[in-house]
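# Fold and contact review
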Amino acid sequence: MKLLILCAWLFLVPEIQSLEIIAGDFSDVAPIGTAGSDETVDGPPVNINRYERRHKRSDDRSQEEDEDHIDEYITIHSYKVKSIITSRFSETVFSMKVVNKDSSPQDVTFNVEIPKGAYISNFTMTVNDNTFVGSVHEKSVARNLYAQARAQGKAAGILRTSAHEMESFKAEVNVPGGSKVSFELYCQELLQRQLGFYEQTIILRPGNLVKQLQVDVYIFEPQGISRIEAPNMLGEQFDGLIRMTKGENKAHVSFKPTVDQQRKCPNCTDSAIDGSFIVKYDVKRELNGGNIQVSNGYFAHFFAPNNLPPLPKNIIFVIDVSGSMWGIKMKQTVEAMTTILSDLRPEDHFTIIDFNHNIRFWSDKLVAATPIFIEDAKKYIEKIQPNGGTNINEAILSAIYILMEANKLGLLGPRSVSFIIMFSDGDPTVGEIKLSNIQRNVRRQMQEDFSLFCLGIGFDVDYDFLERIALENRGFARRIIANVNASSQLKDFYEEVATPLLRKIDIHYGDDVTDVTQNSFDKYFSGSEIIVAGKLVDTKPSSFQCLVTASSAKDDLMFQIDTPTDELDKILAKQKYVLPEFAKQLWAYLMIRQLLSERVLAQSALQKRNITSRILAIALVHQLVTPVTAMMVESEETGHRLLADSPKSTRNGCCTGTPIIGKKTPAIPTWAKNSYSTPQPPQQLIRPKGDSELGLKIPVTLVENDPHFIIHLPKSKQDICFNINPQPGKILNLVSDPIKEIYSNYLCIFHFSVVVSVQKNTNVIITVGEDMVFLILLHRVWKNHPTNVDFLGFYAPPSNNYSTSVHGLIGQFIHEPEVNVYNIRQGSDPDKPQATMEVKGHQITVTRGLQKDYRTDTVNGTDVQCWFIHNSGKGFIDGHFKDYLVPHLYSFLNHPQAF
């Protein structure tokens, strides 16, 4: 009998960089080519523009021709962006007007990207003289109002999704034939100074040619503008089209390409505009005590001294070298560290800790940054070979211990700064794995003069945890987008903290101010800025005083400032493009950001509720969409409502967002639908759900990326998650049934007799006998997606008739174990409840969270609620995950029953 060895990727794609394996219900799967394979799912249409169509999976030429025909009737008449910046505070308005020239209705979507740091302040939409106006409410109130409208059939959705550094805002509307629709979105943001510049970034992706496309950025800085740049980031064909005028205190940057200038080529109908419009500038600084601006009963104090010698650094680099760092991540980390080590100054001291399941030291003591030591450190990191697990707890505590010992021995200079920089791309899997315990351990050991900075590489790391632990220890966190210039991102971060100029900064104001934002700071770094804002008790004092104290590399410093209070409002009143209430909105923005950080670190539910109440009160007064508020957009004429809600912060993120016009997305296969969803913990332990979560009714078992498993248990209707992190190149035994002679290692399926059906660039169905079927799907992402790549999904339904001997990481769950989840309680993260699970004689602690299923949405994925089992599935899977490693792809040939 001839043996057939089928490796699915040979049929579908030349290179696979991630993996999804799903075992779901195939009871209604239709053979390829039958009518059942083309059924659609009820629901609102999702529109895609030309940009998205270029990268979506489709071989249907007639559909493409129909979409091009639709675009002939839908015209973007104008797309304009106007940003007004006053004293670093910006308000940006995105506006678009669309005309439906056809006689039949068409779906139109307004979709723009805004910075994550920006807050939406208003949204209006006009359709056929019916105007929708936005207003901010407490989140539950807005959702209830939206639900009421939805129940009456008068609701339409606005989606906000979280991307890398941006958020996507989308509103969809059906435009009657011969009608026009206009949109306006307002958002506000305080520009933060980094590396000596304030930067305003506007994403431009109109998707289509636009008759009137225009961008205007107006800047007014009372201190005076010292330098301004508007580099062309949109491509060579737009060289010379960005125009800039600059005066002493104000500047105007504009971009207004004609339709022909927008074309990709002289006769092209596609737009070449796809990227970032960036304006960078800095202000003049005469006083090291900073500049205080008083306006409309509020003040803003900008403190950014220069011409100071740098403080010596005592720095420990803590580098994750677990198996998931193998390949490009480690290569880029080594490249960045080589540059960073070269930038150390002779007066600095440093060492390196690298960790996986073990902790290793380049030196267990701080050493001077001499050329000899720097070269030796570079050679050390170049030899690192990632493997093993992730012991974050012991790695950070080891770094703290080194600093403590150096301090005891008097080796830390009294005017030096000491901090730890940790690089990691995953959650702890070895040693202490409970995040709240790690946070507590670090908090107890960290001394007041030490700081912790955390760099989360990629989207598998729990960034919320890194942010909490860094903020709690006088540092901050940064997300590094893996594989997308990660080396440059790491180096840019280091530049932010490479030159500390001051420590222990305290800013004192008199009794004539109230509601002052944070005014005490641990460190000040060159190129950054400290901003403090507050309210005036007397709205019209004649002058305003403050005192700044700080410690520099040589002396203890003191700055005293006396500022007149009646000049700025007069100046603003004479300007056309300014924000008269910039100080008021700046204070609200800064206070909300500060309170959100405090909320993350709240030690009790009562403390968190009190902070949330303060955020809510400010957000409602200043009409800002925040994590505790939402915007209701409604029309008095029609009673229709839309909801603009804050996006959830997910690990994987997404990167959608352009103004788009077009047709529906491809249909969801019938086998992907199911009539029930998995049970949830008590409502009070679940974070509020968005509409996308409420609609999830697809039970699945899957493995994706590193890989991450979601095991669906049909009888108990539970979804169970765990991560497994073998060394790169290792092969996992997923399903093995020696009696049925079925062996599956990753995406290779071994059997003697199979029927294979192949649909080019889409899927492969493998039928084994009469009672077993496997489906392999190709999941495509956009060609230019910055992080995600194409991957294969392997689906094995529980209806497959395996023998009682079936096993493997997935196969063992064909015979479903009894699972009892009880004692559901609040976890260390309020959004992630914990519980106790009894399974296979074990009692294990599990955490409720979200995992991604990419079957129906290959770009963003669909959130699946599941109970997460830590430590590589220990207690849930039989034995240890290493028991499922096989030596090579064809190891089944050595099995005595293989023939």
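Here is what the cut-offs are and how they apply
Counting from 1, residues in each chain are numbered in the order their sequence is written. At least 70 in pLDDT is required for a residue's local features to be given in this predicted model, at least 80 for side-chain atom pairs to be given and counted, and no such filter applies to totals for whole chains, interfaces and linings, which use all residues. Note that water and hydrogens are dropped before the side-chain values are worked out from all heavy atoms of the structure. Runs of H or I in DSSP of at least four residues are treated as helices and runs of E of at least two as strands, each being numbered from the N terminus. Three exposure classes are used, based on accessible area relative to the maximum for each residue type with a 1.4 Å probe and protein chains only: buried under 20%, partly exposed in between, and exposed over 50%. Any two residues having at least one pair of non-hydrogen atoms within 4.5 Å are treated as being in contact. Per-residue and other accessible areas were derived by the Shrake-Rupley procedure at a 1.4 Å probe size, with only the shown protein chains allowed to occlude residues. Criterion for a disulfide: a pair of cysteine sulfur atoms at a distance within 2.5 Å. For two strands to be treated as a pair, DSSP must find at least two bridges joining them. For helices, the axis comes from a line fit to the C-alpha atoms of the stretch in contact; other axes are also lines fit to C-alpha atoms, and the angle between any two N-to-C directions lies between 0 and 180 degrees. Buried Ala, Val, Leu, Ile, Met, Phe, Trp, Tyr and Cys residues that are joined via side-chain atoms within 4.5 Å together make up what is termed a nonpolar core. For a helix, the expected span equals 1.5 Å multiplied by the residue count minus one. Here a salt bridge means any side-chain nitrogen of Lys or Arg lying within 4 Å of a carboxyl oxygen belonging to Asp or Glu. In this scheme Phe, Tyr and Trp rings, the latter by its six-membered ring, pair at centre separations within 6.5 Å, and the angle between planes marks the pair as stacked below 30 degrees, edge-to-face above 60, and tilted otherwise. Cation placement over rings: the criterion is NZ of Lys or CZ of Arg within 6 Å of the ring centroid and within 35° of the ring normal. The arc in question is formed by the directions pointing from the helix axis toward the C-beta atoms. For every residue, the predictor states its confidence as a pLDDT score lying anywhere from 0 to 100. If an angle is under 35 degrees, it is roughly parallel; if it is over 145, roughly antiparallel; if it lies from 65 to 115, roughly perpendicular; otherwise it is oblique. Whether a crossing is left-handed or right-handed is set by the direction in which the near helix is turned from the far one by less than a right angle, anticlockwise for left-handed and clockwise for right-handed. For this scheme, ten residues count as nonpolar: Ala, Val, Leu, Ile, Met, Phe, Trp, Tyr, Cys and Pro. Four count as charged, namely Asp, Glu, Lys and Arg, and the remainder, Gly too, count as polar. Residues forming no salt bridge and having over 30% relative accessible area are the ones grouped into patches, like charges within 9 Å of each other and nonpolar side chains (Val, Leu, Ile, Met, Phe, Trp, Tyr) within 5 Å. Within this scheme the basic residues Lys and Arg register as positive and the acidic residues Asp and Glu register as negative, but His and the chain ends are omitted. Lys charges are placed at NZ, Arg charges at CZ, Asp charges at CG and Glu charges at CD. Residues are called lining when one of their atoms sits within 4 Å of a cavity or pocket point, these points coming from a 1 Å grid over the protein atoms alone, where a cavity is a set in which a 1.4 Å probe fits but cannot get out and a pocket is an open set with protein on both sides within 12 Å along at least five of seven lines. Grid points are joined across faces, edges and corners, and a volume is the space filled by probe spheres set on the points.

On to the overall build of the protein chain. The helix and strand tally for the protein chain stands at 16 helices and 49 strands. Counting across all 899 residues of the protein chain, residues that qualify as buried make up 56%. Look at the contacts in the protein chain between residues 6 or more apart in sequence, and 71% of them connect residues 24 or more apart. Carbon together with sulfur atoms contributes 49% to the accessible area of the protein chain, which is approximately 38,000 Å² in total.

So, on to the state of the cysteines. Counted under the stated rule, the structure contains two disulfides. The side chain of cysteine 265 participates in a disulfide bridge whose partner is cysteine 268; the two sulfur atoms lie 1.7 Å from each other. Across the disulfide from cysteine 265 to cysteine 268, rotation about the S-S bond amounts to roughly 90°, and the bridge is consequently right-handed. Assessed through its relative accessible area of 32%, cysteine 265 is described here as partly exposed. Between the sulfur of cysteine 721 and that of cysteine 866 lies a disulfide, 1.8 Å long from S to S. For the disulfide bridge between cysteine 721 and cysteine 866, the dihedral angle about the S-S bond is near -115°, and by the sign convention the bridge is left-handed. One end of the pair, cysteine 721, is in strand β37 (residues 718-723); the other, cysteine 866, is in strand β48 (residues 862-869), and 145 residues separate them in sequence. For the pair cysteine 721 and cysteine 866, a shared accessibility class is recorded, and that class is buried.

With that out of the way, let us pick up the sheet that holds strand β16 (residues 275-283). The strand order β11-β16-β13 describes an open sheet built from three strands, whose pairing is antiparallel. Both outer strands of the open sheet, β11 (198-204) and β13 (225-229), are each paired with one neighbouring strand and no more. Sheet twist, expressed as the average angle between the axes of neighbouring strands with direction ignored, equals 15°. In the sheet, β11 pairs with β16 via seven bridges, with the strands oriented antiparallel. Bridge pairing in β16 links glutamine 200 to valine 279.

Here we take up the nonpolar core. Phe94, Phe123, Phe169, Leu204, Phe255 and Phe277 are the most contacted members of the largest nonpolar core, which totals 57 residues. Per element, the largest residue contribution to this core is five residues, and it comes from strand β3 (residues 74-86). Leave out the neighbours within four places in its chain, and phenylalanine 94 touches Tyr79, Lys80, Val81, Phe110, Val112, Glu113, Ile114, Phe183, Glu184, Leu185, Cys187 and Ile202. Of all hydrophobic cores here, the second largest spans 38 residues; its members include Phe317, Ala369, Leu455 and Phe525.

In this model helix α6 (residues 328-343) runs 23 Å from its N-terminal to its C-terminal C-alpha over 16 residues, within 8% of the 22 Å that 1.5 Å per residue would give. Among all positions in α6, only Lys329, Met330, Gln332, Thr333, Val334, Ala336, Met337, Ile340 and Leu341 are buried.

The subject of this paragraph is unusual backbone geometry. The phi dihedral of arginine 474 falls on the positive side, at around 60°, and the residue is not glycine. With respect to the secondary-structure elements, arginine 474 resides in the loop between α10 (463-471) and β25 (477-480).

We now examine the pairing of β16. In terms of burial, β16 is a largely internal element, seven of the nine residues being buried. Looking at chain direction, β13 and β16 are connected through four bridges and run antiparallel. Bridged to arginine 227 within β16 is aspartate 282.

Right, let's get into the sheet that holds strand β28 (residues 520-525). Taken in spatial order, the four strands make up an open sheet running β28-β26-β30-β31, and their pairing is antiparallel. Two strands bound the open sheet, and with one partner strand each, they are β28 and β31 (556-564). The average angle at which neighbouring strand axes cross in this sheet is 30°, direction not considered. Looking at chain direction, strand β26 (residues 500-509) and strand β30 (residues 543-551) are connected through five bridges and run antiparallel. Paired with arginine 503 across the bridge in β30 is serine 551.

Right, let's get into the pattern of salt bridges. The final tally for this structure, using the stated rule, is 24 salt bridges. For arginine 285, the salt bridge is made with glutamate 529, and the minimal N-O distance between the two is 3.1 Å. With arginine 285 in the loop between β16 and β17 (291-295) and glutamate 529 in the loop between β28 and β29 (530-536), this pair connects stretches of sequence that are 244 residues apart. As a salt-bridge pair, arginine 478 and glutamate 496 come within 2.8 Å of each other at their nearest N and O atoms. Highlighted residues: arginine 478 in strand β25 and glutamate 496 in helix α11 (residues 486-497), separated in sequence by 18 residues. Using a relative accessible area of 25% as the deciding quantity, one classes arginine 478 as partly exposed. On the accessibility criterion, glutamate 496 (15% relative accessible area) is buried. Residues joined by salt bridges that share partners form a network here, namely Arg88, Arg193, Glu221, Asp282, Arg285 and Glu529.

As paired strands, strand β14 (residues 242-246) and strand β15 (residues 250-255) are joined by five bridges and run antiparallel to one another. The residue of β15 that forms the bridge with lysine 246 is alanine 251. Taken together, β14 and the strand that follows it, β15, pair antiparallel across an intervening segment of three residues.

A few words now on the packing of aromatic side chains. A full pass over the atoms with the stated rule returns 28 aromatic pairs. With a centroid separation of 4.8 Å and 10° between ring planes, the pair formed by phenylalanine 709 and phenylalanine 722 is classed as stacked. Pair noted here: phenylalanine 709 is in strand β36 (residues 708-713) and phenylalanine 722 is in strand β37, with a separation of 13 residues, a long-range link. The class of phenylalanine 722 is buried, set by a relative accessible area of 0%. In textbook terms, an aromatic cluster arises when at least three aromatic residues are bridged by ring pairs, as seen for Phe419, Phe453, Phe476, Phe493 and Phe525. Directly above the ring of phenylalanine 302 sits arginine 88, whose terminal nitrogen or CZ lies 3.9 Å from the centroid.

Attention now moves to helix α7 (residues 371-382). Given a rise of 1.5 Å per residue, twelve residues ought to cover 16 Å, and the 17 Å separating the end C-alpha atoms of α7 matches this to within 8%. Taken together, the buried positions of α7 are occupied by Ile374, Ala377, Lys378 and Ile381. Down the axis of α7, the buried set is contained in an arc of 100°. They therefore lie on one face. For α7, exposure combined with an orientation more than 90 degrees from the buried face picks out Ile372 and Lys379. Against the buried residues of α7 lie α6 and β20 (349-355).

Attention now goes to the confidence of the model for the protein chain. Put simply, the protein chain has an average pLDDT of 79, and 76% of its residues get 70 or more. Long-range and interchain partners of residues 682-698, a stretch whose pLDDT sits below 50, account for 37 contacts in this model, where long-range means more than four residues apart.

What follows covers the packing of α6 against α11. Two numbers describe how α6 lies on α11: the axes approach to 8 Å, and their chain directions differ by 30°. As summarised for this structure, α6 and α11 are arranged roughly parallel, according to the angle between their axes. Every pair of crossing elements has a handedness; the one defined by α6 and α11 is right-handed. Here α6 contributes Gln332, Thr333, Glu335, Ala336, Thr339, Ile340 and Asp343 to the contact with α11, which in turn contributes Ala486, Ser487, Leu490, Lys491 and Tyr494. A class-by-class count of the residues in the contact of α6 with α11 yields five nonpolar, four polar and three charged.

Taken together, the side chains of Lys80, Lys97, Lys180 and Lys256 make up a positively charged region of the molecular surface. With relative accessibility at 60%, the residue lysine 180 sits in the exposed group.

Position of threonine 767 relative to the elements: it lies in strand β42 (residues 763-768). Sequence separation of threonine 767 and valine 756 is eleven residues, and the distance between their C-alpha atoms is 6.5 Å.

Taken as a whole, this structure holds two cavities of 30 Å³ or more when the rule is applied. Reported here for the largest cavity is a volume of approximately 70 Å³. For the largest cavity, the full set of lining residues is Ser90, Thr92, Phe94, Glu113, Pro115, Ala118, Cys187, Glu189, Gln200, Thr201, Ile202 and Ile203. Mapped onto the lining of the largest cavity, the elements with two or more residues apiece are β4 (89-100), β5 (106-115), β10 (180-190) and β11. Examining the composition of the lining of the largest cavity, we find that four residues originate from one element, β11, more than from any other. Partitioned by chemical class, the residues of the lining of the largest cavity number six nonpolar, four polar and two charged.

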